[in-house]
Amino acid sequence: QKEVEQNSGPLSVPEGAIASLNCTYSDRGSQSFFWYRQYSGKSPELIMFIYSNGDKEDGRFTAQLNKASQYVSLLIRDSQPSDSATYLCAVKDGGFKTIFGAGTRLFVKA
Amino acid sequence: DTAVSQTPKYLVTQMGNDKSIKCEQNLGHDTMYWYKQDSKKFLKIMFSYNNKELIINETVPNRFSPKSPDKAHLNLHINSLELGDSAVYFCASSQVGGETQYFGPGTRLLVL
């Protein structure tokens, strides 16, 4: 059974701090890795995707991938109250299937 | 224009009833999905169609039957609704290969 594990949180950080969200996955054949953000009562929306080992930066967001450790993370710099949401890690195999983690709730205190 | 739309947005019904949820995407994508998100926010794949062909069929009760009349539409019919079916059902679409997925607004189903 392929799994994606996340700490459910809540993770609470002060405004302006760095929020670090982590995810591990079980399938070594996984090819693509995604972070989605879901506000309460809304649908998930893509923040970032990463395919290769290392870091990928986009504005205040940095995704990190370590395939040897089967580990993906998302760093949010200069966290804002508007970043308060649930962050879903998603992992895709070489085909059509994407497995989602249960999500980490992030709360940014003003 | 909404990229992925679902109807209805809310659905309240009695146990044992049959109901349908409709999904449409105007992104030109070939692949569409149905997900179920339970009260613990766990998003679980149910079905996926690629160009009208069923490609993912997870362990879902056969009371759930998807139908894709064309690649822009994916409907979900549920027979004999049970209390445990209460959840938010999301439709999503992606280009071939299932990379970035675009989600609809969700259908909040409550079975009484």
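Everything numeric here is computed off the predicted structure, so don't read it as measured data.

### Some details on the pairing of strand β9 (residues 85-92) of chain A
Residue and element names in this part refer to chain A.
Working step 1: Of all the 8 residues making up β9, 8 are buried; the element is thus mostly covered by neighbouring parts of the structure.
Working step 2: Here 7 bridges tie strand β4 (residues 32-38) to β9, and the two strands are oriented antiparallel to one another. From the neighbouring strand, W35 faces β9, where its bridge partner is C89.
Working step 3: Alignment of β9 against strand β11 (residues 104-109), held across 3 bridges, turns out to be antiparallel. If you follow A85 over to β11, its bridge partner there is L106.
Working step 4: Counting the residues between successive antiparallel strands, the hairpin from β9 to strand β10 (residues 98-100) contains 5 residues.

### Some words on the nonpolar core
Working step 1: By size, the foremost hydrophobic cluster in this structure holds 24 residues, and its most contacted members are W35(A), L74(A), I76(A) and Y87(A).
Working step 2: Among the secondary structure elements, those contributing two or more residues to this core are β3 (19-25), β4, β5 (45-50), β7 (61-66), β8 (71-76), β9 and β11 of chain A.
Working step 3: Residues within four places of I76(A) in sequence aside, it is in contact with A17(A), I18(A), A19(A), L21(A), R60(A), F61(A), D83(A), Y87(A) and L106(A).
Working step 4: Counting 19 residues, the second-largest nonpolar core is a separate cluster that includes F47(B), Y49(B), F64(B) and L74(B).

### Some remarks on the sheet that holds strand β8 (residues 73-78) of chain B
Residues and elements named next belong to chain B.
Working step 1: With antiparallel pairing, 4 strands are arranged side by side in an open sheet as β1-β3-β8-β7. At either end of the open sheet lies a strand with only one pairing partner, and these are β1 (4-7) and β7 (64-70). Each strand axis lies, on average, 20 degrees off the axis of its neighbour in the sheet, ignoring direction.

### Description of the sheet that holds β7(A)
Residue and element names in this part refer to chain A.
Working step 1: Within the open sheet, the 5 strands sit side by side as β1-β3-β8-β7-β6. Their pairing is antiparallel. Pairing within the sheet leaves two strands with one partner each, and these edge strands are β1 (4-5) and β6 (54-58).
Working step 2: Bridge count for β7 against β8 is 6 bridges, and the pairing is antiparallel. Looking across to β8, one finds that N66 is bridged to Y71.

### A closer look at the state of the cysteines
Working step 1: Going through the model one piece at a time under the given rule, you end up with 2 disulfides over all chains.
Working step 2: With its sulfur 2.1 Å from that of its partner, C23(A) forms a disulfide with C89(A). Negative torsions about the S-S bond denote left-handed disulfides, and the value of about -70 degrees found for C23(A) with C89(A) makes this one left-handed. Residue C23(A) is found in strand β3, and its partner C89(A) is found in strand β9; the two are separated by 66 residues along the sequence.
Working step 3: Shown here is the disulfide that connects C23(B) with C91(B), its sulfur atoms set 1.9 Å apart.

The rules behind each value
- Residues numbered from 1 in each chain as written.
- Chains lettered and ligands numbered in written order.
- Predicted model: local features only at pLDDT ≥ 70, side-chain atom pairs only at ≥ 80, totals over all residues.
- Heavy atoms only, no water.
- Buried < 20%, exposed > 50% of the residue type's maximum accessible area, 1.4 Å probe, protein only.
- Helix = DSSP H or I, 4+ residues; strand = E, 2+ residues; numbered from the N terminus.
- Pairing = 2+ DSSP bridges.
- Core = buried A, V, L, I, M, F, W, Y, C linked by side-chain atoms within 4.5 Å.
- Contact = heavy atoms within 4.5 Å.
- Axes fitted to C-alpha atoms, helices over the stretch in contact; angles between N-to-C directions.
- Disulfide = S-S within 2.5 Å.

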